[in-house]
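A structural walkthrough
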Amino acid sequence: DEEVERLGRIFGECDIMGDGDITKRELIKAIKRNGDIASFFNLPRKFRKDDGSMDMLDEKFRNIDKDDDGRIVWEEFVSFYAVHCKNKPRTSEIDDATTSTLGMIFGKCDKDGSGKITSKELVKACVKDADIANFFGCKKVTADAEGRRRLEEVFVAMDKDGSKELTWDELVQFYRDNFKARTDDLAPAVLDML
């Protein structure tokens, strides 16, 4: 679904550190770099204390950051979008907690914030984070040839359109194909991410 892919792209562009959440500083940087993101949040591209633009940003951030921890996670981002926009993102039968986890995984893998994951980004994320490696079916991934080969196989299987980049929809489909049928038996590493 293009709408959910767009949300994934915007979230990824805002999550500059690639750690699965958006800080106010990251949001400011993303807005300054990309006018579409400013439009999405209905905020100006430049912020100054004396013209009220910082107050607008602060208010918007507080409205999205429901638990007031100074970070916007995927679930909060999607909730904001669903409440404030006409067309609501759909992940078809996937609960909010799982959608949040998938968003975090997507954000951690999409290091360049392009809204898509390359095979190189996937390998780096899996080498760095064992939970992500487990999610993709690679219990232990090292930078060796065998680990890379296994991840390439997973990547090619997920890359349904053959674009050599994974979209949000392809990640959601991977989840549906590998976990949805056994929701109660979801990989423990993925549950730990919640």
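**Focus: the overall build of the protein**
Counting secondary structure elements, the protein contains 11 helices and four strands. In the protein, buried positions account for 47% of the 194 residues. A sequence separation of at least 24 residues applies to 54% of the contacts in the protein between residues at least 6 apart. Of the roughly 10,400 Å² of accessible surface on the protein, 48% is carried by carbon and sulfur atoms.

**Some remarks on the packing of aromatic side chains**
Any two aromatic rings considered together are summarised by their centre-to-centre distance and by the angle between their planes. Taken as a whole and assessed by the stated rule, the structure comprises 12 aromatic pairs. Taken together through their ring pairs, the aromatic side chains of Phe-11, Phe-40, Phe-41, Trp-74, Phe-77, Phe-80 and Tyr-81 make up a single cluster.

**Comments concerning the pattern of salt bridges**
Enumeration according to the criterion identifies six salt bridges in this entry. The closest approach of N and O atoms between Asp-69 and Arg-71, which form a salt bridge, is 3.4 Å. Of the charged contacts, one joins Arg-149 and Glu-153 as a salt bridge, the two residues approaching to 2.1 Å between their closest N and O atoms. Pair noted here: Arg-149 and Glu-153 are both in helix α9 (residues 145-158), with a separation of four residues, about one helical turn. Arg-149 gets classed as partly exposed once you look at its relative accessible area, which sits at 40%. Residue Glu-153 is classed as partly exposed on the basis of its relative accessible area of 40%. Here the residues in one salt-bridge network are Asp-21, Asp-69 and Arg-71, joined through shared partners.

**Some remarks on the environment of Lys-29**
Along the chain, Lys-29 turns up in helix α2 (residues 24-33). Considering only alpha carbons, one finds Lys-29 and Lys-46, 17 residues apart in sequence, at a separation of 9.7 Å.

**Re the nonpolar core**
Counting 51 residues, the largest nonpolar core has Phe-41, Phe-77, Leu-122 and Phe-136 as its most contacted members. Non-local contacts of Leu-122, meaning those with residues more than four positions away in its chain, are made with Cys-109, Ile-117, Phe-136, Leu-151, Phe-155 and Met-158.

**Considering the environment of Ile-72**
Position of Ile-72 relative to the elements: it lies in strand β2 (residues 71-73). Sequence separation of Ile-72 and Ile-22 is 50 residues, and the distance between their C-alpha atoms is 4.9 Å.

**Observations regarding the confidence of the model for the protein**
Confidence in the prediction of the protein, expressed as mean pLDDT, is 78, and 79% of residues score 70 or more. Highest mean pLDDT in the protein belongs to strand β1 (residues 21-23) (96); lowest belongs to helix α11 (residues 188-193) (42). This stretch, residues 86-91, has a pLDDT under 50; its non-local contacts, to residues over four places away or in other chains, come to 16 contacts.

**Notes on the environment of Asp-19**
Turning to its location among the elements, Asp-19 is positioned in the loop between α1 (2-14) and β1. Owing to a relative accessible area of 36%, Asp-19 belongs among the partly exposed residues under this scheme. Distance from Asp-19 to Gly-107, taken between C-alpha atoms, is 6.4 Å for residues 88 residues apart in sequence. Each residue touching Asp-19, except ones within four places of it in the same chain, is listed here: Glu-26 and Lys-108.

Conventions used here
- Residues numbered from 1 in each chain as written.
- Predicted model: local features only at pLDDT ≥ 70, side-chain atom pairs only at ≥ 80, totals over all residues.
- Heavy atoms only, no water.
- Helix = DSSP H or I, 4+ residues; strand = E, 2+ residues; numbered from the N terminus.
- Buried < 20%, exposed > 50% of the residue type's maximum accessible area, 1.4 Å probe, protein only.
- Contact = heavy atoms within 4.5 Å.
- Areas by Shrake-Rupley, 256 points an atom, 1.4 Å probe, with all protein chains shown as cover.
- Phe/Tyr/Trp six-rings, centres within 6.5 Å; stacked < 30°, edge-to-face > 60°.
- Salt bridge = Lys/Arg side-chain N within 4 Å of Asp/Glu carboxyl O.
- Core = buried A, V, L, I, M, F, W, Y, C linked by side-chain atoms within 4.5 Å.
- pLDDT = per-residue confidence, 0-100.

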